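Secondary and tertiary structure notes
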Amino acid sequence: MKLSRKLALVVLPLAAVLAGCQTTGSSTAATDPAAQTQQQGAAVEVYAASDRQVTGYRPVRISEQQVIYVAQEPTLTRAHLTAIEPIQDNQGRHFVRLGLNAEGVNALGKVPQNQGYVTVIGGQVASLSGVTQGTDFMFLTRDAQTAQAIVGAVAGQQAQ
């Protein structure tokens, strides 16, 4: 799926729509979400997405001319992570690399190849693009500072 860079400008409207997609499988939510994020790190969710209508996917209008369709449930969550780090490719683009456990690799393997991904970090859309490579999932960020901020948010504040 090809999504132009213009889509990065629609992150906030998409975040509002995906806010209803948050998983609620745990009853251990702290009463202070900021404190929970600092201790445990931000939630990580990767949703399958398509530029073509898919049964069971939610339509999300990202411009007057374009709609994408996003899965109701995340394909990946924080439970699938084994590592996270900011990286830069040889073209100077900045990514966040998520190392995945076997369950996460299997989950990504079930996403059809003609679909893409929407990555949500702490309830906010972080990227409308992503690629898989071996046991890693990588998503594009706008710059090194953004990649580092995402890694810091997911890792949480830990004693050093």
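Residue numbers here run from 1 along each chain, matching the order of that chain's written sequence. Restriction of local features to residues with pLDDT of at least 70 applies here, the model being predicted, together with a cutoff of 80 or more for giving and counting side-chain atom pairs; totals for whole chains, interfaces and linings are based on all residues. Neither water nor hydrogens contribute to the side-chain values; these are computed over all heavy atoms in the structure.

1. Observations regarding the overall build of the protein
The line we're drawing: Here a strand is any run of E in DSSP of at least two residues, a helix any run of H or I of at least four, and the numbering for each starts at the N terminus. Accessibility here uses a 1.4 Å probe with only protein chains present; expressed as a share of the type maximum, an area under 20% marks a residue as buried, one over 50% as exposed, and anything in between as partly exposed. With residues, only the protein chains shown are counted as cover, and all accessible areas are computed by Shrake-Rupley using a 1.4 Å probe.
Counting secondary structure elements, the protein contains four helices and ten strands. N-terminal to C-terminal, the α/β element order of the protein is α-α-β-β-β-β-β-β-α-β-β-β-β-α. A total of 160 residues make up the protein; the buried ones form 38% of that total. Carbon and sulfur atoms form 49% of the exposed surface of the protein, whose accessible area is close to 9,500 Å².

2. With respect to the confidence of the model for the protein
The following threshold applies: Across the chain, each position has a pLDDT score giving the predictor's confidence in that residue, from 0 to 100. The criterion used for residue contact is that any of the two residues' heavy atoms lie within 4.5 Å.
Residues at a pLDDT of 70 or more form 73% of the protein, whose mean pLDDT is 80. Here residues 1–38 scores under 50 on pLDDT; set against residues more than four positions off or in separate chains, the count is 56 contacts.

3. Brief notes about helix 3 (residues 102–109)
Formally: Along the arc lie the directions from the helix axis toward the C-beta atoms. Polar contacts here mean pairs of N or O atoms no more than 3.5 Å apart (in protein, one a potential hydrogen donor and the other a potential acceptor; neighbouring residues in sequence count only if both atoms are side-chain atoms).
Buried residues of helix 3: Gly-104, Ala-107 and Leu-108, and no others. Seen from one end, helix 3 has its buried residues packed into an arc of 95 degrees, which puts them on one side. Seen from the buried face of helix 3, the exposed residues on the opposite side, beyond 90 degrees, are Ala-102, Glu-103, Asn-106 and Gly-109. Those residues of helix 3 hidden inside the fold are in contact with strand 4 (76–77), strand 6 (94–100), strand 7 (116–121), strand 9 (130–133) and strand 10 (136–141). Of the residues that open helix 3, the one with a side-chain oxygen 3.2 Å from the backbone nitrogen of Glu-103 is Asn-101.

4. Quick word on the pattern of salt bridges
Using the following cut-off: A pairing counts as a salt bridge when a side-chain nitrogen of Lys or Arg comes within 4 Å of a carboxyl oxygen of Asp or Glu.
Applying the stated criterion across every chain, the model contains three salt bridges. For Arg-97, the salt bridge identified is with Glu-85, shortest N-O distance 2.7 Å. In this pair, Arg-97 is assigned in strand 6 and Glu-85 in strand 5 (residues 81–88), connecting sequence segments twelve residues apart. Exposure remark for Arg-97: the relative accessible area of 16% places this residue in the buried category. Taking the shortest distance from any N to any O, the salt bridge between Asp-136 and Arg-97 comes out at 2.7 Å. With Asp-136 in strand 10 and Arg-97 in strand 6, this pair connects stretches of sequence that are 39 residues apart. Put simply, Glu-85, Arg-97 and Asp-136 are held in one network by salt bridges that share partners.

5. Observations regarding helix 4 (residues 144–155)
Counted only if it meets this: An expected span of 1.5 Å times one less than the residue number is assigned to each helix.
Helix length check: helix 4 (twelve residues) gives 16 Å between terminal C-alpha atoms against 16 Å at 1.5 Å per residue, within 8%. Of all the residues in helix 4, the buried ones are Thr-146, Ala-147, Ile-150, Val-151 and Val-154. With its buried residues spanning 135 degrees around the axis, helix 4 presents them on a single face. At the N-terminal boundary of helix 4, the capping side chain belongs to Asp-143, with an oxygen 3.3 Å from the backbone nitrogen of Gln-145.

6. Section: the pairing of strand 8 (residues 124–127)
Operational definition: At least two DSSP bridges between two strands are required for those strands to pair.
Looking at chain direction, strand 7 and strand 8 are connected through three bridges and run antiparallel. Its bridge partner lying in strand 8, Val-120 is registered against Val-125. In sequence, strand 7 turns back onto strand 8 through a hairpin of two residues, with Gly-122 there showing a positive phi of about 55 degrees.

7. Looking at the sheet that holds strand 10
Quick note on the threshold: Fitted lines through C-alpha atoms serve as axes, helices being fitted only where they are in contact, and the angles separating the N-to-C directions of these axes extend from 0 to 180 degrees.
Taken in spatial order, the four strands make up an open sheet running 5-6-10-9, and their pairing is antiparallel. The open sheet terminates on both sides in strands that have one partner only, identified here as strand 5 and strand 9. Neighbour-to-neighbour, the strand axes of this sheet turn through a mean angle of 25 degrees, independent of strand direction. Looking at chain direction, strand 6 and strand 10 are connected through six bridges and run antiparallel. Looking at the pairing, Gly-99 lines up with Asp-136 of strand 10. Of the strands in this sheet, strand 6, strand 9 and strand 10 touch helix 3, which is tilted by about 115 degrees from strand 6.

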